[in-house]
Amino acid sequence: MLTVNAIAAPSATEPLVRTTIERRDLGPRDILIEIRYAGICHSDIHTVRGEWGEVAYPLTVGHEIVGSVTEVGSEVSRHAVGDRVGVGCMVNSCRECPNCRAGQEQYCENGNTGTYASVDRDGTTTQGGYSTHVVVDEDFVLRVPEAIPYEAAAPLLCAGITTYSPLAHWNAGPGKKVAVVGMGGLGHMAVKIAVAMGAEVTVLSQTLGKKDDGLAFGAENYHATRDAATFEALKNTFDLIINTVSAPIDMAAYLGLLRLDGTLVSVGAPPEPLAVPVFALFGNRRSFAGSGIGSIGETQEMLDFCAERGIAPEVELITADQVNEAYERVLKSDVRYRFVIDIDSLR
Ligand SMILES: [Zn+2]
Ligand SMILES: [Zn+2]
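Residues numbered from 1 in each chain as written. Chains lettered and ligands numbered in written order. Predicted model: local features only at pLDDT ≥ 70, side-chain atom pairs only at ≥ 80, totals over all residues. Heavy atoms only, no water.

Focus: the nonpolar core
Across soluble globular proteins, you tend to see nonpolar side chains buried next to one another.
Next up, step 1: Ranked by internal contacts, the top residues of the largest apolar core, which has 86 residues, are Ile40, Tyr130, Leu167, Val323 and Tyr327.
Next up, step 2: Residue contributions to this core peak at eight residues, all from helix α5 (residues 185–197).
Next up, step 3: Beyond its immediate stretch of four places on either side in the chain, tyrosine 327 contacts Leu16, Ile40, Asp44, Ile45, Val48, Arg49, Val61 and Tyr130.
Next up, step 4: Val181, Leu234, Leu255 and Leu258 belong to the second-largest nonpolar core, a separate cluster that totals 15 residues. (Core = buried A, V, L, I, M, F, W, Y, C linked by side-chain atoms within 4.5 Å. Buried < 20%, exposed > 50% of the residue type's maximum accessible area, 1.4 Å probe, protein only. Helix = DSSP H or I, 4+ residues; strand = E, 2+ residues; numbered from the N terminus. Contact = heavy atoms within 4.5 Å.)

What about the coordination of the zinc ion (ligand 1)?
Next up, step 1: Bound to the zinc ion (ligand 1) on the protein side are Cys41 (SG), His63 (NE2) and Cys158 (SG), at distances that span 2.0 to 2.2 Å.
Next up, step 2: Taken in sequence order, the residues that donate to the zinc ion (ligand 1) follow the motif C-x21-H-x94-C. Of this pair, cysteine 41 sits in the loop between β3 (30–39) and α1 (42–48) while cysteine 158 sits in the loop between α3 (150–153) and α4 (159–169), and the two are 117 residues apart along the sequence. Of the two residues, cysteine 41 and cysteine 158, neither departs from the other in class, the shared state being buried. (Donors = N, O, S within 2.8 Å, 3.2 Å for Na, K, Ca; no water.)

Here's the deal with the environment of alanine 80
Next up, step 1: Note that alanine 80 resides in the loop between β4 (65–72) and β5 (84–87).
Next up, step 2: The sequence separation of alanine 80 and serine 68 amounts to twelve residues, and the corresponding C-alpha distance is 9.4 Å.

Section: the coordination of the zinc ion (ligand 2)
Next up, step 1: Protein-derived ligands of the zinc ion (ligand 2) are Cys94 (SG), Cys97 (SG), Cys100 (SG) and Cys108 (SG), with the metal-ligand distances lying across 2.3 to 2.4 Å.
Next up, step 2: In this structure, the zinc ion (ligand 2) is coordinated by four donor atoms arranged in tetrahedral fashion, with angles at the metal of 102 to 120°. (Tetrahedral: all angles 85-135°; square planar, octahedral: opposite > 155°, others 65-115°.)

So, the sheet that holds strand β14 (residues 258–266)
Next up, step 1: Taken together, six strands build an open sheet; the order of strands is β12-β11-β10-β13-β14-β15 and the sheet is parallel. One side of each edge strand has no neighbouring strand; the edge strands of this open sheet are β12 (221–224) and β15 (287–290). For this sheet the average axis-to-axis angle between neighbouring strands, irrespective of direction, equals 20°. (Pairing = 2+ DSSP bridges. Axes fitted to C-alpha atoms, helices over the stretch in contact; angles between N-to-C directions.)

Regarding unusual backbone geometry
Next up, step 1: Residues tyrosine 57 and proline 58 are joined by a peptide bond in cis, for which omega reads -5°.
Next up, step 2: If you trace the backbone, proline 58 turns up in the loop between α1 and β4.
Next up, step 3: Tyrosine 337 follows arginine 336 through a cis peptide bond whose omega is -10°.
Next up, step 4: Along the chain, the position of tyrosine 337 falls in the loop between α11 (323–331) and β17 (338–342).

Some words on the UniProt feature "domain: Enoyl reductase (ER)" (unreviewed entry) in the chain
Next up, step 1: Mapped onto the present numbering, the UniProt feature "domain: Enoyl reductase (ER)" (unreviewed entry) falls on residues 11–341.
Next up, step 2: Here residues 11–341 runs as 25% helix and 25% strand, with 21 Å between its end C-alpha atoms. (UniProt positions renumbered as here; feature names shortened; annotations may be inferred.)

Description of the packing of α4 against α5
In a pair of packed helices, the angle between the axes and the distance between the axes together describe the arrangement.
Next up, step 1: At a closest axis distance of 8 Å, the pairing of α4 and α5 adopts a crossing angle of 45°. Between α4 and α5, the crossing angle belongs to the class labelled oblique. Judged by the sense of rotation from one axis to the other, the crossing of α4 with α5 is right-handed. Residues Ala159, Gly160, Thr162, Thr163, Tyr164, Leu167 and Ala168 of α4 form the contact with α5, whose own contacting residues are Gly185, Leu186, Met189, Ala190, Ile193, Ala194 and Met197. (Parallel < 35°, antiparallel > 145°, perpendicular 65-115°, else oblique. Left-handed = near helix turned anticlockwise from the far one by under 90°.)

Some details on the pairing of strand β13 (residues 238–243)
Next up, step 1: With six of six residues buried, β13 lies mostly within the body of the structure.
Next up, step 2: For strand β10 (residues 177–181) and β13, the ladder comprises four bridges, and the chain directions are parallel. Bridge pairing links valine 180 to isoleucine 242 in β13.
Next up, step 3: Relative to β14, β13 runs parallel, the two being bridged by five bridges. Opposite asparagine 243, over in β14, you have serine 266 as the bridge partner.

Examining helix α10 (residues 296–309)
Next up, step 1: Here α10 spans 20 Å end to end across 14 residues, near enough to the 20 Å set by a 1.5 Å rise per residue.
Next up, step 2: Burial in α10 covers these residues: Ile296, Glu298, Thr299, Gln300, Met302, Leu303, Phe305, Cys306 and Ala307.
Next up, step 3: Considering only its buried residues, α10 is in contact with β6 (90–92), β9 (142–143), α4 and α5.
Next up, step 4: Where α10 ends, the next residue or the one after it, glycine 310, has phi of about 70°, a positive value. (Expected span 1.5 Å × (residues − 1).)

Quick look at a nonpolar patch on the surface
Next up, step 1: On the surface, Val278, Phe279 and Phe282 cluster together into a nonpolar patch covering about 390 Å² of accessible area.
Next up, step 2: Within the secondary structure, phenylalanine 279 is located in helix α9 (residues 278–282). (Patch = residues over 30% accessible without salt bridge, like charges linked within 9 Å, V, L, I, M, F, W, Y side chains within 5 Å. Areas by Shrake-Rupley, 256 points an atom, 1.4 Å probe, with all protein chains shown as cover. Salt bridge = Lys/Arg side-chain N within 4 Å of Asp/Glu carboxyl O.)

A few points about the packing of aromatic side chains
Next up, step 1: Under the criterion given, the structure shown has five aromatic pairs.
Next up, step 2: An angle of 55° between the planes, with centres 5.8 Å apart, marks the rings of tyrosine 37 and tyrosine 150 as tilted. Of this pair, tyrosine 37 sits in strand β3 while tyrosine 150 sits in helix α3, placing them 113 residues apart in sequence.
Next up, step 3: When the ring of phenylalanine 231 is compared with that of tyrosine 254, the centres are 5.0 Å apart and the planes differ by 80°; the resulting orientation is edge-to-face. Here tyrosine 254 lies in helix α8 (residues 251–255) and phenylalanine 231 lies in helix α7 (residues 229–233), a separation of 23 residues in the sequence. Per residue, the accessibility class of phenylalanine 231 equals that of tyrosine 254, and both read buried. (Phe/Tyr/Trp six-rings, centres within 6.5 Å; stacked < 30°, edge-to-face > 60°.)

Pasting the structure below:
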């Protein structure tokens, strides 16, 4: 076992503190990664605070991880010492169910193993990336191209793939009108990726406060959803709407923005069920769908796509001692657009 520095939540209600955690000995297919940067995802906060169900404490979260390979198991073939690599939201799956066999292991029918707060195959609870090292099976480790700035690569592992996957699946591209609801960590990546795919992108945000940023990221239009006229003006407009907001939305109003065969995809999850007026689906043969992260293969495709197109998240770098303060700012949407922890501050 390797004992490593980390930041952990002692309980659902206490601030995160510096501590140490243990990483398993390297198995034949395992990789030891020295972590350099870890992004802060809103899911981290929901999970440590027990808002998405009971978890075991102390708990170290973090599933936007980049670093370098420092040791490999005897059978590892995909990665070598010194490689720049990343780990996202999952670190294992059953590998036998139809979805795993189809290369869609994020939808493993037996449940994929989350990077933190999940029970791993050896019965231990997984611990996330707010730490100096992690041990991960090579099949769940991504190559991070040199063209992506190191610290900016981290948020691609969750915010990047969570938005790339539905944009790719629903064919965002030339001739398609895509709306992105919310301009936070996920939303700003959805805008950049959809623009790079060639779609005409509109941002729908509560206010016009981030309009300059949205247009700088390549959006052609930017509208305030607090203004009821927005929903009147944009009726029957979009082929695809990516909803990144994790609060309830007025489903009838948003579905009304879809043109024939348009789809509204939610990647943000409000804790309460949404009321979907079915008549709004009849009109224009609309669909309402969800999408969860992406497969390992698709995550690699997204990283290579971002490197090729020169796309990277906007990040605010912080030290290990600023994480609790950063959490409060995330909850107030006071971040442009993703906090990333400089893990050197934990060594
Ligand atoms: Zn996340
Ligand atoms: Zn499976």
